[in-house]
Amino acid sequence: MSAPRLTLEHARASDAADPLRGLRSRFSRPHDERGEPLLYLCGHSLGLMPLAAREEIAQELDDWERLGVLGHHSARRPWIAYQDELRPRLAELLGCRDDEVVMMNSLTVNLHLMLASFYRPVGRRRCLLIESGAFSSDRYAVMSQLQWHGLDPRECLIEIAPQSGEDLIREELIERVLAERGAEIALVLWPGVQYLTGQAFDLPRLAAAAREAGALIGFDLAHSVGNMPLALRDSEPDFAVWCSYKYLNAGPGAIGGCYINSRHFTTPGRQRLAGWWGNEATTRFDMSHDFQAGQGICGFQVSNQSVLSTAPLIASLAMFREAGMARLRAKSLALNAFLGQLFAERLPKLHVVTPQEPARRGAQLSLRVGGGAARGRRVFQWLAQHQVVCDWREPDIIRVSQVPLYNSFEDGFRFVERLQQALQQNP
């Protein structure tokens, strides 16, 4: 006997039983110009605003107004030590030591800083390995780094694409390339979750393959942090970078993050692009002509943090600690399983590009509708005109994410209803 067809009542019952349902009310809920609530499924691009973010920013503005420069030492959360509260909470999300993680700059700036330190082409080992569908900013950074070293990307950039007829890159293909060309590869740069397909990679497996080949490896975790459980202490990449405006909900243009494995803190001759905030904190204001690197990853900082773009992250990280990543992950999997059952029942011809296996996906699902890219774009535009916030990525992908901090089972049900209508209206 087949299972009963899912209904709105099923969605509401699941929401009523959700132990994390109270977090939803602690985020902003976007509305259209008529005041109608939007169905927001775009946390993979920009997370919603924690309501407490306004209070955190207001506190810093008040202290700036009240104290001026004295706020560096006397603000309620002194600005010079602003990182001290963030690092332990970030270390929990990343599964690493406190002294291996820091918030600074932006994702691509941090990527350039890390490439300057870790991409050191020597002799035959001078190639950079990336995926052929890498996010454009990562690709631009890698290409410019190759050119900065006077190297020809046509010779020194190795790109891995999915096998013919497939959308996803198999880990065994990456391992094969590393085994065959490892002696040429200086550095691997790989995403934790691929931005277009939503595919999550086995990071310990990739890091082990890179080490076996004698190459260094860095991860772009922009679509992973706050989305997937991470344990960098197990995979031990050489470095990682990420942004905080997606699943970390820190706001547009928010501060970026960086991880460096502690084994590199004492590596002889490890180069870095230095700035005064990377100097040892106790002598930073001596203004010495000689740079003395700070302890751990702090020694790789360049400039002091932007307090106003960091403050919202404090509000968001408090909720991550309260909810716990294990419970958030369990809800994320349940939301996508519910959505998958709805697809099977109501939209059996819809192609979900994202892997079905839970370990190989996060919150994001990448959808391809039948009929080609032109029809897919029309369907996306219809959704946008009917209060659904998701996004379109070339050549033919609609991306949606049910973020467990603030999305509900009813959100998923409503989305499938509107997607059905969009497909009917755009044959």
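Residues numbered from 1 in each chain as written. Predicted model: local features only at pLDDT ≥ 70, side-chain atom pairs only at ≥ 80, totals over all residues. Heavy atoms only, no water.

Here the focus is a nonpolar patch on the surface. A contiguous nonpolar patch, built from Leu61, Trp64 and Leu308 and spanning about 300 Å² of accessible area, is present on the exposed surface. The exposure class assigned to Leu308 is partly exposed, which follows from its relative accessible area of 38%. (Patch = residues over 30% accessible without salt bridge, like charges linked within 9 Å, V, L, I, M, F, W, Y side chains within 5 Å. Areas by Shrake-Rupley, 256 points an atom, 1.4 Å probe, with all protein chains shown as cover. Salt bridge = Lys/Arg side-chain N within 4 Å of Asp/Glu carboxyl O. Buried < 20%, exposed > 50% of the residue type's maximum accessible area, 1.4 Å probe, protein only.)

Next up on the list: the pattern of salt bridges. Close approach of charged atoms allows side chains of opposite charge to pair. Enumeration according to the criterion identifies 32 salt bridges in this entry. Linking Arg368 and Asp396 is a salt bridge whose minimum nitrogen-to-oxygen distance equals 2.8 Å. Of the two residues, Arg368 sits in strand β10 (residues 364–368) while Asp396 sits in the loop between β12 (391–393) and β13 (397–401), which places them 28 residues apart along the sequence. The partner of Glu394 in a salt bridge is Arg377, with the nearest N and O atoms 2.6 Å apart. On the criterion of sequence distance, the pair formed by Glu394 in the loop between β12 and β13 and Arg377 in helix α13 (residues 373–385) is long-range, its members being 17 residues apart. A cluster of three or more residues bridged by salt bridges with shared partners is formed by Glu56, Glu60, Arg77, Glu85 and Arg89. (Helix = DSSP H or I, 4+ residues; strand = E, 2+ residues; numbered from the N terminus.)

Ordered by their spatial adjacency, 4 strands build an open sheet running β9-β10-β13-β12, and the pairing between neighbours is antiparallel. Of all the strands in the sheet, just β9 (351–352) and β12 have a single pairing partner and so form its edges. As paired elements, β10 and β13 share 4 bridges and run antiparallel to each other. Within β13, the position partnered with Gln364 by the bridge is Ser401. (Pairing = 2+ DSSP bridges.)

The end-to-end C-alpha separation of helix α4 (residues 83–94) is 16 Å, in line with the 16 Å expected for 12 residues at 1.5 Å each. For α4, the complete set of buried residues consists of Gln83, Leu86, Arg87, Arg89, Leu90, Ala91, Leu93 and Leu94. Where α4 is buried, its residues meet β2 (101–103), α10 (232–235), β7 (239–242), α11 (307–323) and α12 (325–346). In the stretch just after α4, Gly95 is the one whose phi turns positive, near 65 degrees. (Expected span 1.5 Å × (residues − 1). Contact = heavy atoms within 4.5 Å.)

For the pair helix α1 (residues 8–16) and helix α14 (residues 409–425), the least separation of the axes is 7 Å and the interaxial angle reads 155 degrees. Judged by the angle between their axes, α1 and α14 are roughly antiparallel. Taken together, the residues of α14 that come into contact with α1 (itself represented by Leu8, Ala11, Arg12, Ser14 and Asp15) are Phe409, Glu410, Phe413 and Arg414. Taken together, the residues of the contact of α1 with α14 sort by class into 4 nonpolar, 1 polar and 4 charged. (Axes fitted to C-alpha atoms, helices over the stretch in contact; angles between N-to-C directions. Parallel < 35°, antiparallel > 145°, perpendicular 65-115°, else oblique. Nonpolar A, V, L, I, M, F, W, Y, C, P; charged D, E, K, R; others polar.)

What follows deals with the packing of aromatic side chains. For the structure on display, the rule yields 9 aromatic pairs. Ring centres 5.1 Å apart and planes at 55 degrees place the aromatic pair Phe27 and Tyr406 in the tilted group. Of the two residues, Phe27 is situated in the loop between α1 and β1 (39–40) and Tyr406 in the loop between β13 and α14; the sequence distance between them amounts to 379 residues. Per residue, the accessibility class of Phe27 equals that of Tyr406, and both read buried. A connected cluster of aromatic rings, assembled from ring pairs, spans Trp276, Trp277 and Phe285. If you follow Arg284 out to its NZ or CZ, it ends over the ring of Trp277, 4.0 Å from the centre. (Phe/Tyr/Trp six-rings, centres within 6.5 Å; stacked < 30°, edge-to-face > 60°. Lys NZ or Arg CZ within 6 Å of the ring centre and 35° of its normal.)

What follows is about the layout of surface pockets. Its volume calculated, the largest pocket comes out at about 380 Å³. In terms of lining, the largest pocket is formed by 27 residues, of which the most central are Leu107, Phe135, Asp138, Asp220 and Ala222. Listed by contribution, the elements that provide at least two residues to the lining of the largest pocket are α5 (107–118), β3 (127–131), α6 (136–148) and β5 (185–191). Within the lining of the largest pocket, the residues separate by chemical class into 13 nonpolar, 7 polar and 7 charged. Space inside the second largest pocket adds up to approximately 300 Å³. (1 Å grid on protein atoms, 1.4 Å probe; cavity = no way out; pocket = protein on both sides within 12 Å on 5 of 7 lines; lining within 4 Å. Points joined across faces, edges and corners; volume = space filled by probe spheres on them.)

Here we take up the nonpolar core. If you look at the biggest cluster of nonpolar residues, it comprises 66 residues, and the most contacted ones within it are Leu94, Val188, Trp190, Leu221, Trp242 and Leu405. Top element by residues in this core is α11. It accounts for 8 residues. (Core = buried A, V, L, I, M, F, W, Y, C linked by side-chain atoms within 4.5 Å.)

Turning our eyes to something else, we now look at the sheet that holds β3. With respect to topology, 7 strands assemble into an open sheet ordered β2-β8-β7-β6-β5-β3-β4, the strand pairing being mixed. The open sheet terminates on both sides in strands that have one partner only, identified here as β2 and β4 (157–160). Along the sheet, successive strands turn relative to each other by an average axial angle of 20 degrees, direction set aside. As judged from the 4 bridges shared by β7 and strand β8 (residues 257–260), these two strands associate in the antiparallel manner. Bridging across to β8, Ala240 finds its partner in Tyr259. Packed on one face of the sheet, α4 meets β2 and β7 and runs near 125 degrees to β2. Sheet strands touched by α6: β3, β4, β5 and β6 (216–220). Its angle to β4, the strand with the most contacts, is close to 155 degrees.

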